[in-house]
Amino acid sequence: MSGRLARTLCTAALAAVVAASPAFAEPAPGPVPAGGPDPAPAAGAPQQSVAGLLTQLQTLYRKAEEAGELYKGTEEELKKRTAAAGKLRAELARARAALDSGRRDAGRLARDQYQGRTDFSVYLRLLLAEDPARALEQSHVIERAQAGRSAAVDRLTGAEKHAEELSARSRTAQDRQRALAAQRKKQRDTVETRLKGIEAMLASLSADQLAAVSALEKKTVGEAQDALTASGALSSVRPPTEEGGEAVRFAVEQIGKPYVWGAEGPESFDCSGLTSQAWSDAGRTIPRTSQEQWRQLPRVPVGSLRPGDLVVYFPEATHVALYIGNGLVVQAPRPGASVKVSPLASNPLLGAVRPDPDGEPLSTYTLPELPADATSGSDTGYDAPDT
């Protein structure tokens, strides 16, 4: 089953829920400003419908996740650039040491020439020698000395050129580091602003409104999951590879740990922090962000899922979860929520990727035992007092 079909099923399920409930008539949501989310409704403003509140909250979370993915992508690039700059600095230090050594050799040659210790040419020695045969034998020694002086000059010239090139590359790397650091700070500020906007909106809602929003989203997810199951996309059962089984085991062991934006464990995770660390624990390095996981890893049809595969959500690939079988995923949902087991259709589905396409599936497989409260708690974080 294609990602487009799955998204269509999710969208259709959401539309069916809203259309079936007259009280949930949805107003057109306002645009989200580039610098942050819409402010919380002002006191005394007309009350939005539950569907409208849900749409607005989902939009705010999605915008925050988009900004978060940009930040994490910049963070990863900065790490790589920092490592590369460190190697350049070490190489530049070695080149400068070689240049200093070459300059000392050149200085000795200059002093020898100034003090008149430079050997006559081979031709002149042959002309002036009383014993030309002996002089001819000595000429080989003289030639080697001359070749050594020539090599010393060549080394000095090459070392100067190499040091100049490395110095220019090092300056460029440092400039890029500074630009990335400034970009990272700006992106982090954007994420924090948007998360504060979500907090403000949640704080403006009554307990009844929060409960109604959470109930509507739960119902919407249930409808989407039922549609996905009815389509036959989840009917097949496939065992994971050994690595995939290890990734599932790791993810299950993290159930109950809090979602923290940007976290990679061991005490807290964000969505792609959980999936990347699960596969790292299984012995395979995959990209850090959900967008890079979607871009770089081989894609598989939803109907061919096996435990350990990654399920990616939203058109911009801003959320990811780890499939464990039986139509379920382990995910770090949102701020205010904890790592938990959720239906595969818990968010609008984009598609799936496989970190171990070359692996051999196990002949038999049993899913690790799930904690009793593995599916409890909100996928949304709406009922959390803090984020």
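1. Some details on the nonpolar core
Part 1 of the reasoning: The biggest cluster of nonpolar side chains holds 49 residues, and the ones touching the most others in it are Leu57, Ile198, Leu310, Leu322 and Val330.
Part 2 of the reasoning: Going through the elements one at a time, helix 2 (50-114), helix 4 (132-204), helix 5 (207-230), helix 6 (242-253), helix 7 (271-281), strand 2 (310-313), strand 3 (319-325) and strand 6 (349-353) are the ones with two or more residues in this core.
Part 3 of the reasoning: The element best represented in this core is helix 2, accounting for ten residues.
Part 4 of the reasoning: If we ignore the near neighbours within four places in the chain, the residues touching Leu322 are Ala247, Val248, Ala251, Thr275, Ala278, Trp279, Gly308, Asp309, Leu310, Leu328, Val329 and Val330.
Part 5 of the reasoning: One finds Ala224, Val311, Tyr323 and Ala352 within the second-largest nonpolar core, a separate group that totals 17 residues.

2. Topic: the packing of aromatic side chains
Part 1 of the reasoning: One pass over the structure, following the stated rule, counts one aromatic pair.
Part 2 of the reasoning: With centroids separated by 6.3 Å and ring planes inclined at 90°, the aromatic side chains of Phe250 and Phe269 adopt a geometry described as edge-to-face. Placement of Phe250 in helix 6 and of Phe269 in the loop between helix 6 and helix 7 is noted, with a sequence separation of 19 residues between them.
Part 3 of the reasoning: The class of Phe250 is buried, set by a relative accessible area of 13%.
Part 4 of the reasoning: The ring of Trp294 carries Arg299 above its face, with NZ or CZ at 3.8 Å from the centroid.

3. Here we look at the sheet that holds strand 2
Part 1 of the reasoning: Pairing within the open sheet is antiparallel, and its six strands lie in the order 1-6-2-3-4-5. Both edges of this open sheet fall to strand 1 (299-300) and strand 5 (340-343), since each of them pairs with a single strand only.
Part 2 of the reasoning: Packing against the sheet, helix 6 makes contact with strand 3 and strand 4 (328-331), and its axis sits at approximately 110° to strand 3.
Part 3 of the reasoning: Sheet contacts for helix 7: strand 2, strand 3 and strand 4; angle to strand 3, the most-contacted strand, approximately 45°.

4. Some points on the side chain of Arg288
Part 1 of the reasoning: Along the polypeptide, Arg288 turns up in the loop between helix 7 and helix 8 (290-296).
Part 2 of the reasoning: Of note is the side chain of Arg288, whose polar atom sits 3.5 Å from the backbone oxygen of Gly262.
Part 3 of the reasoning: There is a polar contact of 2.7 Å between the side chain of Arg288 and the side chain of Ser272.
Part 4 of the reasoning: Arg288 has contacts with Lys72, Glu76, Gly262, Ala263, Glu264, Asp270, Ser272, Gly273, Ser276 and Gln293, leaving out every residue within four places of it along the chain.

5. Comments concerning unusual backbone geometry
Part 1 of the reasoning: Here the amide bond leading from Gly265 into Pro266 is cis, since omega sits at 0°, within 30 degrees of zero.
Part 2 of the reasoning: As for its position among the elements, Pro266 is in the loop between helix 6 and helix 7.
Part 3 of the reasoning: The backbone of Ala317 shows a phi angle near 55°, a positive value even though the residue is not glycine.
Part 4 of the reasoning: Locating Ala317 in the fold gives a position in the loop between strand 2 and strand 3.
Part 5 of the reasoning: Look at Ala317 and you get buried, because its relative accessible area is 3%.
Part 6 of the reasoning: Even without glycine at this site, Asn326 takes up a positive phi of about 60°.
Part 7 of the reasoning: Its location among the elements puts Asn326 in the loop between strand 3 and strand 4.

6. What to know about the environment of Gln296
Part 1 of the reasoning: Mapped onto the elements of the fold, Gln296 is located in helix 8.
Part 2 of the reasoning: Counting along the chain gives ten residues from Gln296 to Ile286, while the straight-line C-alpha distance between them is 8.7 Å.
Part 3 of the reasoning: Side chain to side chain, Gln296 and Glu292 meet in a polar contact 2.6 Å long.

Conventions used here
Residues numbered from 1 in each chain as written. Predicted model: local features only at pLDDT ≥ 70, side-chain atom pairs only at ≥ 80, totals over all residues. Heavy atoms only, no water. Core = buried A, V, L, I, M, F, W, Y, C linked by side-chain atoms within 4.5 Å. Buried < 20%, exposed > 50% of the residue type's maximum accessible area, 1.4 Å probe, protein only. Helix = DSSP H or I, 4+ residues; strand = E, 2+ residues; numbered from the N terminus. Contact = heavy atoms within 4.5 Å. Phe/Tyr/Trp six-rings, centres within 6.5 Å; stacked < 30°, edge-to-face > 60°. Lys NZ or Arg CZ within 6 Å of the ring centre and 35° of its normal. Pairing = 2+ DSSP bridges. Axes fitted to C-alpha atoms, helices over the stretch in contact; angles between N-to-C directions. Polar contact = N/O pair within 3.5 Å; in protein donor to acceptor, adjacent residues only side chain to side chain.

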